[in-house]
Amino acid sequence: MSFKHLFAAKAIAVSSLSVSGAVHGIGWHHGISIGLASEQSELTLTSNTQTLAELDNLSSEFTDNYSIQGYSISPNWAIGYQLDKYETELTDISSKYQQQNLQFDIGMSVFSLDRGLNLYPLIGLRHTSVDILSNDFSSTQGYAGFRLDIPVFQRLFLHAKADTTLTKDKATYISVAANYRYMRNHSIMLQWQQSDLELSARDNATDDQLERNTSQIALRWFLVW
């Protein structure tokens, strides 16, 4: 075979690999999961100028906190939704702390590489409700952030996500996760998340303020298609 023909053959082979990679990257895929989480948190509850509760190093077990999480993702778009429910026994003040989050966000890719790395700035909406010491807090928050997907091996991916609110009540969430696709339609994900939450509520002439800083480890099982 001449050098010219060999060069042409190599060019065709490289082109075929590029097209093959592009074909596999095109289209949507989806996932939905159930997950359990363990938390360590600090909590402060104030009413006007009076501190009602100030608790450090609160802990909760995996069975106390659960979530349902899902996504639909393509090379150009990322859609995510999640329902979380947290519960912690506050033994120091003989009460329970209960929190529920419902959120939805969407992002558009602004940077990607052929091997699968993708960056999605995102916007979303989150509703948070809290019950503590007969105090009810409820807030619907718009937020903005980003999602970054990083392929490590063929079946192992890293994910990073961060967002902060655009509204009066403050909430910041930062998470990193490792996701292992152990079967065609199943994956398991280990996630660490740090969150800072500040909510306010007014009841007659009383102004209540809640602050909660939380570090969480979650284990999630995904059905993927």
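Here is what the cut-offs are and how they apply
- Residues numbered from 1 in each chain as written.
- Predicted model: local features only at pLDDT ≥ 70, side-chain atom pairs only at ≥ 80, totals over all residues.
- Heavy atoms only, no water.
- Salt bridge = Lys/Arg side-chain N within 4 Å of Asp/Glu carboxyl O.
- Helix = DSSP H or I, 4+ residues; strand = E, 2+ residues; numbered from the N terminus.
- Buried < 20%, exposed > 50% of the residue type's maximum accessible area, 1.4 Å probe, protein only.
- Phe/Tyr/Trp six-rings, centres within 6.5 Å; stacked < 30°, edge-to-face > 60°.
- Lys NZ or Arg CZ within 6 Å of the ring centre and 35° of its normal.

It is worth spelling out the pattern of salt bridges at this point. Tallied over the full model, the rule gives six salt bridges. For Glu39, the salt bridge identified is with Arg212, shortest N-O distance 2.7 Å. Of this pair, Glu39 sits in strand β1 (residues 29-47) while Arg212 sits in strand β12 (residues 206-224), placing them 173 residues apart in sequence. A relative accessible area of 3% means that Arg212 is categorised as buried. As a salt-bridge pair, Asp105 and Lys161 come within 2.9 Å of each other at their nearest N and O atoms. Note that Asp105 is positioned in strand β5 (residues 95-108) and Lys161 in strand β9 (residues 156-165), a separation of 56 residues in sequence. According to the relative accessible area criterion, Lys161 is partly exposed, its value standing at 23%.

Turning our attention to the packing of aromatic side chains. Under the defined criterion, the tally for this structure stands at one aromatic pair. Note on Tyr71 and Phe222: the rings are 5.7 Å apart at their centroids and 55° apart in plane angle, and the pair reads as tilted. Here Phe222 lies in strand β12 and Tyr71 lies in strand β3 (residues 66-73), a separation of 151 residues in the sequence. We note Arg126 situated over the ring of Tyr143; from NZ or CZ to the ring centre the distance is 4.2 Å.

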